[in-house]
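Each chain is listed here by its residues.
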Amino acid sequence: MAKIPITVTVNGVEHSTEIEPRLLLVHFLRENLRLTGTHIGCDTSHCGACTVVLDGKPIKSCTAFAVQADGRSILTVEGLEQDGKLHPLQDGFFQEHGLQCGYCTPGMLMTGYAFLKENSDPSDDEIRQAISGNLCRCTGYVNIVKAYQYAAQKMREGGA
Amino acid sequence: MIPRSFEYYSPRTLDEAIALLQKLGPEAKLLSGGQSLIPMMKLRLLSPEHIVDINRIPDLDYISETDGHLKIGALAREHELESSEVVKNKVPILADTAKVIADPLVRSQATICGNLAHGDPANDHPATMLALGATVVATGPGGKREIGIEDFFPGLFTTALEPEEILTEIKIPIPPPRSGGAYLKLERKVGDFATAGVAVQITLDESGACKRAGLGLTNVGMTPIKARQAESFLNGKQLDDATIQQAAEIAASESQPMDDIRGSADYKRDLVRVLTARALTTALNRAKGGA
């Protein structure tokens, strides 16, 4: 099958390459760009470990073709830290012990990144709804909710 | 899991997309939200030779109110139903339905039209659209035609669409005053398909009697089911508890569930009864102006 040229901006860096149409976005990120922070969990659209932000919306990158991202912008977990400073969500997961094994964490962070942009002062219940497509088998979610709240507060204080 | 190879096309206009479907024939599949298609391709349950991605066709992502109808374009995403003011004020059953489909990440991509065009009796919008009496607009080489939703699902994973047609719009009559609806679904966990789901949309007359009732059932048969007998039973009646219970029993008798991992047929039939009674009660409260 013919390869297709695409240009995708990932974490602010433009990448132009040729890919097979069947290449999944998560494989493009991990294998072509070697950005392995985005995890493959269930590979069946359930777990959300592969969540990335595509043009501002959180999506499961195992359930999108890379070719669909042509001309668009992606943020992955590698793009959260800015100038050596952790994103408030990353800091929140550290401060509130929002992870144990860490496998779901990149997806949790990316869902949170998009969610807190739309809702800067969420209730715990709204957070739980927002992360209902991201499975965590360690924490029981309590500390993840706290981590989101920590980040939301920091971002409100910082005017971010 | 990696899908089989396919040729990819990304038309920029509807005409271009329809011309591609004509040229490529039935081996072509349309890609919109992709949240059902891509998982099926990864499992190799489906291996289309050609994928026609319609996501880059402009002006298909609308949810708008015109001529007494709510119109939903082919590329409107599920999550837009959750935040739409016109949906919240005029057709809240649609927001109820969207909220229980898959999870927020899937809903940011999945399309409402795709939820119908996939033809899966486990999908949630078919029941809601049956309850609302929606019409589907199919656009093909000869132009547009309208298909009543009750004629849209002839069989399992089959729709009334021709291979060269695209489901471009869903048209829903805006419910008149004294209307109310509800969609109730039991799922084992977030993201699961319904063990059973029931959509109810009613309109009362000035005396408070039921003037119109629409009932749709999810995942209790080979196709989405319009519970016609329960609908006609309700017409003209005051919706007291006994009437609601009787209608619920009729709706249960119209379901055709099968035993599977989500439960036995008997269990699901009884679930339809319980969910129908609850949905009717909620719809009635909403028709009277409650929440």
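The rules behind each value
- Residues numbered from 1 in each chain as written.
- Chains lettered and ligands numbered in written order.
- Predicted model: local features only at pLDDT ≥ 70, side-chain atom pairs only at ≥ 80, totals over all residues.
- Helix = DSSP H or I, 4+ residues; strand = E, 2+ residues; numbered from the N terminus.
- Rg over C-alpha atoms; globule rule 2.2 N^0.38 Å.
- Buried ≥ 20, exposed ≤ 12 C-beta atoms within 10 Å, placed from the backbone.
- Contact = placed C-beta atoms within 7 Å.
- Domains from an automatic or database assignment.
- Expected span 1.5 Å × (residues − 1).
- Pairing = 2+ DSSP bridges.
- Axes fitted to C-alpha atoms, helices over the stretch in contact; angles between N-to-C directions.
- Core = buried A, V, L, I, M, F, W, Y, C linked by C-beta atoms within 7 Å.
- Nonpolar A, V, L, I, M, F, W, Y, C, P; charged D, E, K, R; others polar.
- pLDDT = per-residue confidence, 0-100.

## Considerations on the overall build of chain A
So, point 1. Tallying secondary structure elements over chain A gives 5 helices and 5 strands in all.
So, point 2. Secondary structure elements of chain A, listed N to C terminal, follow the sequence β-β-α-β-β-β-α-α-α-α.
So, point 3. The C-alpha atoms of chain A give a radius of gyration of 16 Å, which matches the 15 Å a tight globule of 160 residues would have.
So, point 4. On the principal axes, the C-alpha backbone points of chain A span a range of 50 × 30 × 25 Å.
So, point 5. The proportion of buried residues among the 160 residues of chain A is 49%.

## Comments concerning the overall build of chain B
So, point 1. What chain B contains, in helices and strands, is 11 helices and 12 strands.
So, point 2. Relative to the compact-globule value of 19 Å for 291 residues, chain B shows a C-alpha radius of gyration of 19 Å, a close match.
So, point 3. Once the C-alpha set of chain B is aligned to its principal axes, its extents read approximately 60 × 45 × 30 Å.
So, point 4. A total of 291 residues make up chain B; the buried ones form 53% of that total.
So, point 5. Pairs at least 24 apart in sequence give 65% of the contacts found in chain B among residues at least 6 apart.

## A word on the domain arrangement of chain A
Residue and element names in this part refer to chain A.
So, point 1. One can read the domain layout of chain A as domain 1 (4-79) and domain 2 (88-158).
So, point 2. The centre of domain 1, based on its C-alpha atoms, is set 21 Å off from the matching centre of domain 2.
So, point 3. Each side of the interface is counted separately: domain 1 has 17 residues, and domain 2 has 12 residues.
So, point 4. When residues of the side of domain 1 that touches domain 2 are traced back to their parent elements, those giving at least two are strand S3 (51-54) and strand S4 (57-60).

## Some details on helix H3 (residues 105-118) of chain A
Residue and element names in this part refer to chain A.
So, point 1. Along its 14 residues, H3 runs 20 Å from first to last C-alpha, staying within 8% of the 20 Å computed at 1.5 Å per residue.
So, point 2. Among the 14 residues that make up H3, 12 are buried, leaving the element largely enclosed by the rest of the structure.
So, point 3. The complete set of buried residues in H3 reads Thr105, Pro106, Gly107, Met108, Leu109, Met110, Thr111, Gly112, Tyr113, Ala114, Phe115 and Leu116.

## Points about the sheet that holds strand S4 (residues 63-66) of chain B
All names here are of chain B.
So, point 1. An order of S4-S5-S8-S6-S7 is seen for the 5 strands of this open sheet, with the pairing classed as antiparallel. Two strands lie at the open edges of the sheet, namely S4 and strand S7 (143-148), each paired on one side alone. On average, adjacent strands in this sheet sit at an angle of 25 degrees to one another, irrespective of strand direction.
So, point 2. As defined by bridge partners, strand S6 (residues 135-140) adjoins S7 across 6 bridges and the pair is classed as antiparallel. Paired with Thr135 across the bridge in S7 is Gly148.

## Let's talk about the sheet that holds strand S2 (residues 13-19) of chain A
Residue and element names in this part refer to chain A.
So, point 1. Taken in spatial order, the 5 strands make up an open sheet running S2-S1-S5-S3-S4, and their pairing is mixed. The sheet terminates laterally at S2 and S4, the two strands that pair on one side only. The sheet shows a mean angle of 40 degrees between the axes of neighbouring strands, direction not considered.
So, point 2. With 2 bridges joining them, S3 and strand S5 (residues 73-75) adopt antiparallel strand pairing. Across the sheet, the residue bridging to Leu54 is Ile74, located in S5.

## As for the nonpolar core
Residues and elements named next belong to chain B.
So, point 1. In this structure, Val200, Ala251 and Leu280 are the most contacted members of the largest nonpolar core, which totals 137 residues.
So, point 2. With 9 residues, the top contributor of residues to this core is helix H11 (residues 265-287).
So, point 3. Ignoring any residue separated from it by four or fewer positions in sequence, one finds Ala251 in contact with Leu215, Leu217, Ala227, Ala230, Val272, Arg273 and Thr276.

## Here's the deal with the interface of chain A and chain B
One widely used convention gives an interface's size as the accessible area the parts lose upon coming together.
So, point 1. Chain A puts 24 residues into the contact, and the matching count from chain B is 22 residues.
So, point 2. Secondary-structure elements contributing two or more residues to the side of chain A that touches chain B are S4 and helix H4 (124-130) of chain A.
So, point 3. Residue contributions to the side of chain A that touches chain B peak at 4 residues, all from S4(A).
So, point 4. The residue inventory of the side of chain A that touches chain B, partitioned by class, reads 8 nonpolar, 11 polar and 5 charged.

## Notes on the confidence of the model for chain B
So, point 1. Averaged over chain B, the pLDDT score is 97; the fraction of residues at 70 or greater is 100%.
So, point 2. Both confidence scores are given for the complex: pTM 0.96, ipTM 0.95.

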